[in-house]
Amino acid sequence: MDTSTINRHWPEEGFTRVPNWVYTDPGIFQREMDELFAGDTWHYVGLACEVPETGNFKRQWIGTRPVVMVRDKTGDINVLENRCAHRQALICWDQAGQVKDFTCPYHQWNYSLDGQLQGMPFKRGALGKGGMPADFDMKAHGLQKLRTTIRGGSVWATYSQSAPSFDEYCGPLILAEIDKIFPADRDVRLLGYMRQLIPANWKTYVENLKDPYHATLLHTFYITFGLWRADNKSSCTPVGSGHSLMVSHNEGKKTSAATPEMARFRAEFELHDMETVKPRQEFKDSRVGGPWIFPAATLGVQANSLQVRHVIPRTPDSFELSFTLFGYADDDEEMQRLRLKQANLIGPAGFVSIDDSEMLKQVQSGAAGYPNRAGVIEMGGRDLEPTDYMVTEVLIRAMWDWYRKKMGL
Amino acid sequence: MAWERCAARDEVWEGGVLGVDVQGVPLALFNIGGKFYATSNVCTHATALLSDGYVEGDCIECPLHQAQFHVPTGAVRGGPAEKPLKTYPIRVDGADVYVDLGEPTKI
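Residues numbered from 1 in each chain as written. Chains lettered and ligands numbered in written order. Predicted model: local features only at pLDDT ≥ 70, side-chain atom pairs only at ≥ 80, totals over all residues. Heavy atoms only, no water.

1. A word on the interface of chain A and chain B
Argument step 1. Listed by partner, the interface residues are 16 residues for chain A and 11 residues for chain B.
Argument step 2. Of the roughly 1,000 Å² buried between chain A and chain B on both sides combined, carbon and sulfur atoms contribute 39%.
Argument step 3. Among the residues chain A hides against chain B, the three largest losses belong to A:Lys100, A:Gln118 and A:Arg124. Together they make up 48% of the total.
Argument step 4. Between chain A and chain B we count 3 salt bridges in total. (Contact = heavy atoms within 4.5 Å. Buried area = accessible area lost by both parts, 1.4 Å probe. Salt bridge = Lys/Arg side-chain N within 4 Å of Asp/Glu carboxyl O.)

2. Brief notes about helix H3 (residues 202-209) of chain A
Argument step 1. In terms of burial, H3(A) is a largely internal element, 8 of the 8 residues being buried.
Argument step 2. When we look at burial in H3(A), the residues that qualify are A:Trp202, A:Lys203, A:Thr204, A:Tyr205, A:Val206, A:Glu207, A:Asn208 and A:Leu209. (Buried < 20%, exposed > 50% of the residue type's maximum accessible area, 1.4 Å probe, protein only. Helix = DSSP H or I, 4+ residues; strand = E, 2+ residues; numbered from the N terminus.)

3. Overview of the side chain of A:Ser154
Residue and element names in this part refer to chain A.
Argument step 1. On the secondary structure map, Ser 154 appears in strand E11 (residues 154-158).
Argument step 2. Ser 154 gets classed as buried once you look at its relative accessible area, which sits at 0%.
Argument step 3. There is a polar contact of 2.7 Å between the side chain of Ser 154 and the backbone oxygen of Arg 151. (Polar contact = N/O pair within 3.5 Å; in protein donor to acceptor, adjacent residues only side chain to side chain.)

4. Notes on the pairing of strand E16 (residues 297-302) of chain A
Residue and element names in this part refer to chain A.
Argument step 1. E16 sits mainly inside the fold: 6 of its 6 residues count as buried.
Argument step 2. Across 6 bridges, the pairing between E16 and strand E17 (residues 305-315) is antiparallel. Within E17, the residue paired with Val 301 across the bridge is Leu 306.
Argument step 3. Between the end of E16 and the start of E17, which pair antiparallel, lie 2 residues, with Ala 303 showing a positive phi angle near 55°. (Pairing = 2+ DSSP bridges.)

5. Structural notes on the confidence of the model for chain B
Argument step 1. Averaged over chain B, the pLDDT score is 93; the fraction of residues at 70 or greater is 95%.
Argument step 2. On the interface metric, ipTM, the complex scores 0.74, and its pTM is 0.88. (pLDDT = per-residue confidence, 0-100.)

6. Some remarks on a nonpolar patch on the surface
Residue and element names in this part refer to chain A.
Argument step 1. A cluster of nonpolar side chains, namely Met 379, Tyr 389 and Val 391, defines an oily patch on the protein surface of about 220 Å² accessible area.
Argument step 2. Tracing the sequence through the fold places Val 391 in the loop between strand E19 (374-376) and helix H7 (394-407).
Argument step 3. For Val 391, a relative accessible area of 32% corresponds to the partly exposed category. (Patch = residues over 30% accessible without salt bridge, like charges linked within 9 Å, V, L, I, M, F, W, Y side chains within 5 Å. Areas by Shrake-Rupley, 256 points an atom, 1.4 Å probe, with all protein chains shown as cover.)

7. Remarks on the sheet that holds strand E5 (residues 77-81) of chain A
All names here are of chain A.
Argument step 1. Judged by pairing direction, the sheet is antiparallel, and its 4 strands sit side by side in the order E5-E4-E3-E6 without closing on themselves. Each edge of the sheet is formed by a strand with only one pairing partner; in this case those strands are E5 and strand E6 (96-98). Sheet twist, expressed as the mean angle between neighbouring strand axes with direction ignored, is 25°.
Argument step 2. Where strand E3 (residues 56-62) and strand E4 (residues 65-71) come together, 6 bridges link them in antiparallel fashion. Residue pairing for E4: Lys 58 is matched across the bridge by Met 69. (Axes fitted to C-alpha atoms, helices over the stretch in contact; angles between N-to-C directions.)

Structural data, given as structure tokens:
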């Protein structure tokens, strides 16, 4: 991309400042789509259990680029560009389903489940006239196939042939988190989806999930019922390449020396149905949080609710947030019920998540009005060191540090 | 079983394909080197009439996505189709061509 059209200068303070134009500039947005989404990065596409049989497909987006995940006749999962080689129309319009092949509605060019162009109407013209040139190469005009990897039931793809392997891209810490939630020897069961459009720049959500300290202040549901508190045992670990791991241990309701600092904490308030928030022992440690896989996916554990949260940028000032809820094929009925019930904390109307979507809209309005001002992120210091506490913005700083390198800003 | 008249012999040109409708069944009639054949006229891949397609030797190519079928047997010879084409007994009697649709399909 021609970068000369973007005449932008990051504030001198560096990664403790975030200039507002990164949330609003269309040129920046386009560069993000090219560098961060179509560059040397890996992206969440779906769960293998979403496409169990030949011809099962699921539509997906990598940034603004539409793709489709489909299981072919050999049993392989392909991630194909959802774009006809002919006139560039979407060939797959449904969210999910089962087909024997793909036909573009426009001129009915037909593609196999692994993306090969199989045929087209009027290839030989009509009444002996017209038609495609005799030397038209069908093999050269299939659906473009992305490089794909499957990790314990989760499917990832990259546009890049030069990107490192998915394992190397994630690094050992993040990969161990993915393996914990998607174990190689355990089948995943899809439980459902929640999707919403949020009128804010996509990065505001990445920042939101890399910021544990807002949760103790904004989310009154957490605070009131003692579910996420500043004195919970926590850790924030930035990893190179924009990834990070954030964990808070759910220790239930308690009072401690920190309690008076949390103005809204109400000891007399009780949640009548604690099952909504109380996890059944599952992993070695009961905790909230998970890994962020740069740029746009995070694996979340909220009590027993397991989710992939996937950020799909739409425009500089809007993104789609997609929650995929899942459990395991060997879950008993009670566990499945808990996973679904505890998912009430997240999603468009979630007891907790609803606050974030409203807040991010307000962030966008403030930033858009003042593109040349900058936000300040100095909570917990001005460095990029891992912490064993949550009152810190270190993960946001680390994200911007990486972002600036990738974007050349 | 009954022989039904489906076309005049002269209508089924050598090297060509003729689409006809016999008792609501769409058929494709072929004359390959003087030998007559009848198949279903609907491609087994997508909905298209093979009589709009192209005869290549003893094969018919669908005009829509270029699925190819062997006319005498209905076997798939190429392209996106997977299911073979249904074939029907055919005979020429004088100036007329007759086809046997077999047992009526139970509804």
